[in-house]
Each structure stands twice: as C-alpha cells, then as structure tokens.
Amino acid sequence: MTFTNEISTNAYLDGILVENVLIDGFEKDSFNYTITSDTIPDIAIVKGDKNQSVEIATNESQIIITVTAENESVSQIYTIDIESSQPKSDNALLSGIEINGNLLADFSANNFDYNFVLPMHTTIVPDITAILGAQGQSISITSTNSTNGIATIVVVAENGVTTSSYTIAFSV
C-alpha cells in the first residue's frame with residue numbers, strides 16, 4: 001500500500017480579521033476590501049490551508065495580503081484600502097503661483113484672474129508653477145502656446161468636488 005500526500009493548490013483565505021473582527025462582507029474569492037481607519041489596523045488572517053504561506057505588506061493607505069498555496073505556483077492577492085474617517089478638505093485655493101521661478105507679486109488666493117506682462121522681445125513661453133494651498137489637492141496647468149496667450153490652472157480639492165480655476169493672461 002502506498003500513500004501519497006497531494007500538495008495543495010489552495011491559495012484562498014478563510015478569513016481576514018481587522019482588529020480581531022472578521023472584515024465586513026468577507027468571501028474567500030473576493031479580493032478587494034475597503035475599511036475606515038485613521039491608523040494602520042492590526043490584521044490577522046485565517047488560512048484556508050495550514051501549509052499556505054502568507055505575506056502582509058502595509059503602507060498608510062493600503063494593506064496587501066499575498067497568499068501562496070503549498071505548491072508555490074498558485075497565489076492570490078487580497079487588497080484592503082484604508083480610508084480616513086476624517087473629512088477630506090474642500091480647499092481648492094492655491095498658496096502661490098510662480099512665473100519662470102518667481103512668485104507672482106500680486107498673488108492672492110481668492111483672486112482668480114491675472115495679467116502678466118513679459119519683458120519686451122520675449123519669445124519663450126513662460127514656465128508656470130502652482131503652489132499647493134492644502135494637502136491632497138490636484139492641479140492641472142494648461143499653458144499658453146505663445147507669449148501672448150492665456151494659461152489656466154485648475155485646482156481640485158482633496159474631496160474631489162470643490163474646484164478653483166486661475167487664469168493668467170500673458171502679453172509682451
């Protein structure tokens with residue numbers, strides 16, 4: 001009589017616990033979850049097979065759990081996105097604008113339209129830099145194609161809803 005142990009191909013978990021509580025809606029074949037926490041929570045796993053290997057990697061906004069089956073050729077990746085319970089900022093105002101590396105002298109966060117006269121005979125389109133007014137903002141700068149044109153800076157607040165638009169009319 002010969003006995004053989006088959007090597008498992010099971011790379012599924014039977015559970016993920018966040019702060020000792022089963023993650024809401026856990027299913028072994030569902031791989032993406034979102035939790036709300038202002039810190040990186042304690043994570044524990046319940047293996048689907050005792051011979052699985054599990055690696056847990058964390059950063060401030062995500063936990064990645066890689067499960068490898070005993071046969072080492074089958075793996076699954078579970079991802080937990082961590083969302084902050086703190087409200088996201090609605091600040092879509094800049095703290096400054098730079099033209100060719102120099103702060104725009106008359107800048108005011110609540111002034112959205114500027115005229116900027118370039119030195120005579122300028123032929124190079126000015127370089128524009130927007131200085132964030134709050135963490136989490138995203139900025140899009142549409143530059144002008146000539147020294148006589150309009151550039152636009154669109155700022156989106158961290159909440160993804162509030163926006164501001166700054167325009168700079170350049171002339172020589």
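Everything quoted here is computed from the prediction, not taken from an experiment.

Rules used in this analysis
- Residues numbered from 1 in each chain as written.
- Predicted model: local features only at pLDDT ≥ 70, side-chain atom pairs only at ≥ 80, totals over all residues.
- Heavy atoms only, no water.
- Helix = DSSP H or I, 4+ residues; strand = E, 2+ residues; numbered from the N terminus.
- Rg over C-alpha atoms; globule rule 2.2 N^0.38 Å.
- Buried < 20%, exposed > 50% of the residue type's maximum accessible area, 1.4 Å probe, protein only.
- Contact = heavy atoms within 4.5 Å.
- Areas by Shrake-Rupley, 256 points an atom, 1.4 Å probe, with all protein chains shown as cover.
- Lys, Arg positive; Asp, Glu negative; His and termini not counted.
- Charge placed at Lys NZ, Arg CZ, Asp CG, Glu CD.
- Polar contact = N/O pair within 3.5 Å; in protein donor to acceptor, adjacent residues only side chain to side chain.
- Pairing = 2+ DSSP bridges.
- Axes fitted to C-alpha atoms, helices over the stretch in contact; angles between N-to-C directions.

Draft legend 1. Inspection of the overall build of the protein chain at higher detail. Looking only at helices and strands, the protein chain features zero helices and 14 strands. If you list the helices and strands of the protein chain from N to C, you get β-β-β-β-β-β-β-β-β-β-β-β-β-β. In summary, the protein chain has a C-alpha radius of gyration of 26 Å against a globular reference of 16 Å for 172 residues, an excess of more than 25%. Referenced to the eigenvectors of the C-alpha coordinate spread, the extents of the protein chain come out at roughly 95 × 35 × 20 Å. Considering the protein chain as a whole, with its 172 residues, one finds that 28% of them fall into the buried category. Partitioning the intrachain contacts of the protein chain with sequence separation of at least 6 by distance along the chain shows that 51% fall at a separation of at least 24. Taken as a whole, the protein chain presents about 10800 Å² of accessible surface, with 47% of it coming from carbon and sulfur. The positive charge centre, built from 4 side chains, and the negative charge centre, built from 21, are 16 Å apart in the protein chain.

Draft legend 2. Broad picture of the side chain of Ser164. By the secondary structure assignment, Ser164 is in strand β14 (residues 163–171). Classification of Ser164 as buried rests on a relative accessible area of 10%. Among the polar contacts made by the side chain of Ser164, one reaches the main-chain carbonyl oxygen of Ala92 at a distance of 2.9 Å. Setting aside chain neighbours within four positions, we find Ser164 in contact with Ala92, Leu93, Phe112, Ile153, Val154 and Val155.

Draft legend 3. Molecular detail of the sheet that holds strand β6 (residues 62–68). What the four strands build is an open sheet, ordered β3-β7-β6-β5; its pairing is mixed. A single partner strand is all that each edge strand has here, and the edge strands are β3 (32–36) and β5 (53–59). Taking the axes of each pair of neighbouring strands and ignoring which way they run, one obtains an average angle of 15 degrees across the sheet. The pairing of β5 with β6 spans seven bridges and is antiparallel. Across the sheet, residue Ser53 finds its bridge partner in β6, namely Thr68.

Draft legend 4. Examining the pairing of strand β13 (residues 149–156) more closely. Burial along β13 is one-sided: the residues Gly149, Ala151, Ile153 and Val155 are buried and none of Ile150, Thr152, Val154 and Val156 is. Here five bridges tie strand β12 (residues 138–142) to β13, and the two strands are oriented antiparallel to one another. Each bridged residue has a counterpart across the sheet, and for Ser138 the counterpart in β13 is Val156. In this antiparallel pair of consecutive strands, β12 and β13, the connection spans six residues. Note: β13 against β14, eight bridges, orientation antiparallel. Each residue of the ladder has a partner; that of Ile150, found in β14, is Ala169. Hairpin connection of β13 to β14: six residues between the antiparallel strands, including Gly160 at a positive phi of 75 degrees.

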